[in-house]
Amino acid sequence: MTRSLDPVDMDKIVSLCKRRGFIFQSSEIYGGLGSVWDYGPLGAELKRNLKDAWWRANVYARDDVVGLDAAILMHPQTWVASGHVETFADPLVECQNCNQRFRPDQVLVSEVTDIQNNRLLGYASGFNREEVLSKSRPLLPKRMLVMFQATAPEPKPFQDYLGNTSKLPCPFCDTVGQLTDPRMFNLMLKTFLGPVEDTASLTYLRPETAQGIFVNFQNVLTTSRKKLPFGIAQTGKAFRNEITPGNFTFRTREFEQMEIEFFVRPGADDDWLTRWVNDRFHWYLSLGIRQENLRTRRHAKDELAHYAKDCYDIEYHFPWGWAELEGIANRTDFDLRRHAQFSGKDLSYYDDEAKERFYPYVIEPSGGVDRAALAFLVDAYDEEQIRSETRTLLRLHPDLAPVKAAVLPLSRNERLLPKAKEVYALLREQGARNIDYDDAQSIGRRYRRQDELGTPFCVTIDFQSLDDNAVTIRDRDSLEQLRLPIPQLPVLLAELLNHGWSAAPAHLKVTTGPPKDA
RNA sequence: GCGGGUGUAGCUCAGUGGCAGAGCAUCUGCUUCCCAAGCAGAGGGCCGAGGGUUCGAAUCCCUUCACCCGCUCCA
């Protein structure tokens, strides 16, 4: 099965999401709210299925992880301790000539001085030492160029010049005098608790769910009676004032995370990091992401977050390029120590067997629910030619598909409807799965509609059903059909949803579906 | 925030001063109808908002709002 995605397909996916009820723009009737999205009936199912699958794999299938549901609002000191108040604010400098923006802490500046005459010749700026030094050369008079190596001006951090940025050249275009003063961008959303808006009631909407886990570390440890190594899992909303949101639901200011903080003995951290990277990578594959669209990437030292010792990203090949779905970081004992320090509470761990007390290291697999949902949508999107018509379909894994099966009478003939309703009721009996019913328009049209939603199987009631009490099941991906007695339907459908069409008994198959164009 | 782009039906878009349109989608009816079938019909719009020019504005001008792409990121 060959599928390719051009960048143009992103528009098709956005359009499909709107058209079929996966994702809507927030507050659309008021003109929309930037970078915020609502999930419609099908999107809500997809997200729910996704989170359930994550929870099953990381909590139920393991004996060393327990769940948590911490509040979005936390004591403001939490964010001082975590380092977010201090570090999560980026000062940005902008060049009014080339309109590029950069963070001062990523730029170096060199003062080029004529030492003999004690005269400032100019400044050079750039992103690394070599770049700055090479830019310094043209500023130097020939006689100094000879002794350049000896008098090479050692670059200093851009931050040292924050007071007078207007004299400096832009690190991108080297234009002098077009840099703005640094502006602070605090990425945390402020809010006020209580009816009175004063600084005493100021707190934040959490920028990550992780801190809810850290502050509950001792609570969970004592009540769950877990021993190291063990983890705490939670899904929930987080908020960041992203400077540049975009790419549909990929980077938004309100988003949902699925995070695990896995506590291990110091020294075992490197090993556990590797294991988690592997586990999480295969989780995406197990739900149908194509391997060629998934990769891991280790963070370079200089891109590590303030709390991390090591970090791997799991990246997906979106139409606009590779981008992060999940980060698996070694947060060391940074968070527990900081919270112990700021709260005055002892958050260390006592190992009964080794008779020693220490601060556990933390491995953090932290994924984005919305990003994963988008990746699964993009990866599942497909178009194929059947009888010169384009069939648009989502090849979603049955676990993720918003609708598990659709019950379709061949037509709206009054003799067919009671039998169809009967089958529909039968499949809904347990209430465990989302089953659709549709009798509008032609059967072909309804198949196509279900294909577009990613419904794995369609159950069709035809006139023969009235005689033999049997129905057909049609497979979304192969278009094959099988026929079986209605009483056996619930069991076989469950079987197919769990194991896929390959679990279908060959002797039941009745058709191979319409021919696909080459 | 800066630069560029776009706002017309649920979706994709045409319309550049003279009655607001097309395709698809949606809905209804008919047909023993298995892969977007046919026939007949229907609903759906303050042309993003406000102001101006004009006999007349979706169209020209001003203002404003929103969204998209890029720039810093990291779920």
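Residues numbered from 1 in each chain as written. Chains lettered and ligands numbered in written order. Predicted model: local features only at pLDDT ≥ 70, side-chain atom pairs only at ≥ 80, totals over all residues. Heavy atoms only, no water.

A.B. asks: Please set out the sheet that holds strand 24 (residues 457-461) residue by residue, giving values where relevant.
C.D. replies: Taken together, the six strands give an open sheet; going across it, the order is 23-22-24-25-26-27, and neighbouring strands pair in mixed fashion. Strand pairing shows two members of the sheet lacking a second neighbour, strand 23 (435-437) and strand 27 (509-511), which therefore form its edges. On average, each strand axis in the sheet is tilted by 30° relative to the strand beside it, whichever way the strands run. Sitting on the sheet, helix 13 (residues 416-428) touches strand 22 (405-409), strand 23, strand 24 and strand 25 (470-475), and the angle it makes with strand 23 is about 165°. Strands in contact with helix 14 (residues 443-453) are strand 22, strand 23, strand 24, strand 25 and strand 26 (481-485); relative to strand 22, the strand with the most contacts, it is inclined by about 170°. (Pairing = 2+ DSSP bridges. Helix = DSSP H or I, 4+ residues; strand = E, 2+ residues; numbered from the N terminus. Axes fitted to C-alpha atoms, helices over the stretch in contact; angles between N-to-C directions. Contact = heavy atoms within 4.5 Å.)

A.B. asks: Account for the packing of helix 2 (residues 41-60) against helix 10 (residues 269-286), naming residues and giving values.
C.D. replies: At a closest axis distance of 12 Å, the pairing of helix 2 and helix 10 adopts a crossing angle of 140°. With respect to each other, helix 2 and helix 10 are oriented oblique. Here helix 2 runs over helix 10; the crossing is right-handed. The residues of helix 10 that touch helix 2, namely those facing L50, A53, W54, A57 and N58, are W276, R280 and W283. Residue composition of the contact of helix 2 with helix 10, by class: six nonpolar, one polar and one charged. (Parallel < 35°, antiparallel > 145°, perpendicular 65-115°, else oblique. Left-handed = near helix turned anticlockwise from the far one by under 90°. Nonpolar A, V, L, I, M, F, W, Y, C, P; charged D, E, K, R; others polar.)

A.B. asks: Can you explain the layout of surface pockets? Please cite residues and give values.
C.D. replies: Its volume calculated, the second largest pocket comes out at about 350 Å³. Lining the second largest pocket are 20 residues, and of these R395, L396, H397, R476 and D477 sit closest to its centre. At three residues, the largest contribution of residues to the lining of the second largest pocket is made by helix 12 (residues 369-380). Looking at the lining of the second largest pocket residue by residue, the classes come out as 11 nonpolar, three polar and six charged. (1 Å grid on protein atoms, 1.4 Å probe; cavity = no way out; pocket = protein on both sides within 12 Å on 5 of 7 lines; lining within 4 Å. Points joined across faces, edges and corners; volume = space filled by probe spheres on them.)

A.B. asks: Can you lay out the nonpolar core for me, pointing to particular residues and giving the numbers?
C.D. replies: With 56 residues, the main nonpolar core has F22, W283, Y284, L294, F318 and F376 as its most contacted residues. Within the residue set of this core, elements represented by two or more residues are helix 1 (8-20), helix 2, strand 13 (254-264), helix 10, strand 15 (310-318), strand 16 (321-332), strand 19 (361-368) and helix 12. Ranked by residue count, the leading element in this core is helix 12, at nine residues. Discounting chain neighbours no more than four positions away, the residues touching L294 are F281, Y284, L285, I289, I314, E315, Y316, W322 and L325. Counting 26 residues, the second-largest nonpolar core is a separate cluster that includes V459, L484, W501 and L508. (Core = buried A, V, L, I, M, F, W, Y, C linked by side-chain atoms within 4.5 Å. Buried < 20%, exposed > 50% of the residue type's maximum accessible area, 1.4 Å probe, protein only.)

A.B. asks: I'd love a proper account of a nonpolar patch on the surface, names of residues and values included.
C.D. replies: On the surface, V80, V85 and F342 cluster together into a nonpolar patch covering about 180 Å² of accessible area. Relative to the assigned elements, F342 resides in helix 11 (residues 334-343). (Patch = residues over 30% accessible without salt bridge, like charges linked within 9 Å, V, L, I, M, F, W, Y side chains within 5 Å. Areas by Shrake-Rupley, 256 points an atom, 1.4 Å probe, with all protein chains shown as cover. Salt bridge = Lys/Arg side-chain N within 4 Å of Asp/Glu carboxyl O.)

A.B. asks: Help me get a handle on the environment of T209, residues and values and all.
C.D. replies: In this fold, T209 is placed in the loop between strand 11 (202-205) and helix 8 (210-215). Between the C-alpha atoms of T209 and I72, which are 137 residues apart in sequence, the distance is 7.6 Å. Other than its neighbours up to four places away in sequence, T209 contacts Q234, G236, K237, Q257 and E259.

A.B. asks: Break down the pairing of strand 26 for me, citing the residues and quoting the values.
C.D. replies: Here strand 26 lies mainly inside the structure; four of its five residues are buried. In the sheet, strand 25 pairs with strand 26 via five bridges, with the strands oriented antiparallel. If you follow A470 over to strand 26, its bridge partner there is P485. Count of turn residues in the strand 25/strand 26 antiparallel hairpin: five residues, of which L479 carries a positive phi of about 70°. In the sheet, strand 26 pairs with strand 27 via two bridges, with the strands oriented antiparallel.

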